[in-house]
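# Summary of structural features
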Amino acid sequence: MGRSPLWTAIRDQIAADIARGHYGPGDRLPTEAHLSERFGVNRHTLRRALADLAASGMVHARRGAGVFVRHRPTAYPLGRRVRFHQNLMAAGRVPDRRILRLETRAADAREASALALAPDAQVHVFEGLSLADGAPIALFTSVFPALRFPGLLDNLRANPSVTAALAAEGLPDYTRASTEITAKSASPTLAAQLQIQTGAALLRTVAINVDGASQPVEYGRTWFAGERVALTLGAEDS
């Protein structure tokens, strides 16, 4: 198996510096001359690393001014209560959600099994984009039992908050029963939706949320842009 190109190691080190807060949103990175000297490479190699960071949306170049940090990865805790708006606000980001699809249809075999439903049961499907400070960080698809939550889609149209929509349907609280995390590569479609490069790193989570009686209420799949999100597990999840 061949060694990775040198520029990828430089890219990853600069990305790590940004993730650690060494350079914050809006900060200018050191000059090309400084970075070339730091890493002991020529400017062509360095520019390849910076170009890939720019393509991922982490930095952007201003002609004659330098390269600036667009954002740093958003810390996104995965605990017993995963709440999108709370997570982003706690990280100092402005949360937003864009609805891509709301529909009711028959559950497929995987959804029916996850939600403990009959094979022909109807489910509500909520698909959308999660954004932090206006930048897309995740594409999600959430599935809910339609019979239990008949008005869920109307509630989501009024306010695309799953927590608020479930509360309006009589479920004031729910918790995470399981989360599976898998590394993936972005397909052309996912890359276009998340505004990243095709083949860029993704973190896919598959999760089931349950009510107080451990009855499944939500089956969700989420594709996080790997450069933009740092998934964290708290002590309660270890």
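This text goes with the structure placed above it.
Definitions and cut-offs
Residue numbers run consecutively from 1 along every chain, following the written order of its sequence. Where local features are concerned, this predicted model is filtered to residues with pLDDT of at least 70; where side-chain atom pairs are given and counted, the filter is 80 or more; whole-chain, interface and lining totals use all residues. Water and hydrogen atoms were dropped before computing side-chain values, which therefore reflect all heavy atoms in the structure. Secondary structure elements are taken from DSSP: a helix is a run of H or I of four residues or more, a strand is a run of E of two residues or more, and numbering for both begins at the N terminus. Categorising residues by exposure relies on relative accessible area from a 1.4 Å probe, with only protein chains included: less than 20% of the type maximum marks a residue as buried, more than 50% marks it as exposed, and the intermediate range marks it as partly exposed. Throughout, a residue-residue contact means that at least one pair of heavy atoms, one from each residue, lies within 4.5 Å. Every case where a carboxyl oxygen of Asp or Glu lies within 4 Å of a side-chain nitrogen of Lys or Arg is listed as a salt bridge. Here a pair means two rings of Phe, Tyr or Trp (six-membered ring of Trp) with centres within 6.5 Å. Their orientation is stacked below 30 degrees between planes, edge-to-face above 60, and tilted elsewhere. Between any two strands, at least two bridges found by DSSP are needed for them to pair. Axis lines are fitted through C-alpha atoms, for helices just across the contact stretch, and the angle between N-to-C directions can take any value from 0 to 180 degrees.

### Here we look at the side chain of Asn 87
Mapped onto the secondary structure, Asn 87 falls in helix H4 (residues 84-90). When its relative accessible area of 10% is taken as the criterion, Asn 87 is described as buried. For Asn 87, the residues in contact, after removing those within four places along its chain, are Ala 75, Tyr 76, Pro 77 and Val 82.

### A closer look at the pattern of salt bridges
Enumeration over the complete set of coordinates arrives at 14 salt bridges. For the salt bridge of Arg 11 with Asp 52, the shortest nitrogen-to-oxygen distance reads 2.9 Å. Of this pair, Arg 11 sits in helix H1 (residues 6-19) while Asp 52 sits in helix H3 (residues 43-55); the two residues are 41 residues apart in sequence, bridging distant segments of the chain. For Asp 52, a relative accessible area of 11% puts it in the buried group. Salt-bridge contacts for Glu 103 lead to Arg 105; the nearest nitrogen and oxygen are separated by 3.4 Å. The class for Glu 103 is partly exposed, based on a relative accessible area of 26%. For Arg 105, a relative accessible area of 23% corresponds to the partly exposed category. Each of Arg 101, Glu 103, Arg 105, Glu 111 and Glu 127 takes part in a single network of salt bridges with overlapping partners.

### Points about unusual backbone geometry
Here Ala 116, not a glycine, exhibits a phi torsion of approximately 55 degrees, which is positive. Tracing the backbone shows Ala 116 in the loop between helix H5 (109-114) and strand S5 (122-132). Here Ser 214, not a glycine, exhibits a phi torsion of approximately 65 degrees, which is positive. For Ser 214, the position within the fold is in the loop between strand S8 (201-210) and strand S9 (216-225). Relative accessible area serves as the criterion here: at 55%, Ser 214 is assigned to the exposed category.

### Quick notes on the environment of Gly 134
With respect to the helices and strands, the residue Gly 134 is situated in the loop between S5 and strand S6 (135-145). Relative accessible area serves as the criterion here: at 58%, Gly 134 is assigned to the exposed category. Between the C-alpha atoms of Gly 134 and His 85, which are 49 residues apart in sequence, the distance is 13 Å.

### Some remarks on the packing of aromatic side chains
One pass over the structure, following the stated rule, counts two aromatic pairs. Ring geometry for Tyr 76 and Phe 224: centres 5.3 Å apart, planes at 55 degrees, overall tilted. Here Tyr 76 is found in strand S3 (residues 74-78), whereas its partner Phe 224 is found in strand S9, with 148 residues between them in sequence. Just as Tyr 76 is buried, Phe 224 falls in that class too. Aromatic pair Phe 126 and Phe 140: ring centres 4.9 Å apart, planes at 80 degrees, arrangement edge-to-face. Here Phe 126 is found in strand S5, whereas its partner Phe 140 is found in strand S6, with 14 residues between them in sequence. Both residues of the pair, Phe 126 and Phe 140, belong to the buried class.

### Points about the sheet that holds strand S4 (residues 95-106)
The six strands are arranged S4-S5-S6-S9-S8-S7 in an open sheet whose pairing can be described as antiparallel. Of all strands in the sheet, those with a lone pairing partner are S4 and strand S7 (175-185), marking the two edges. With direction set aside, neighbouring strand axes in the sheet form an average angle of 15 degrees.

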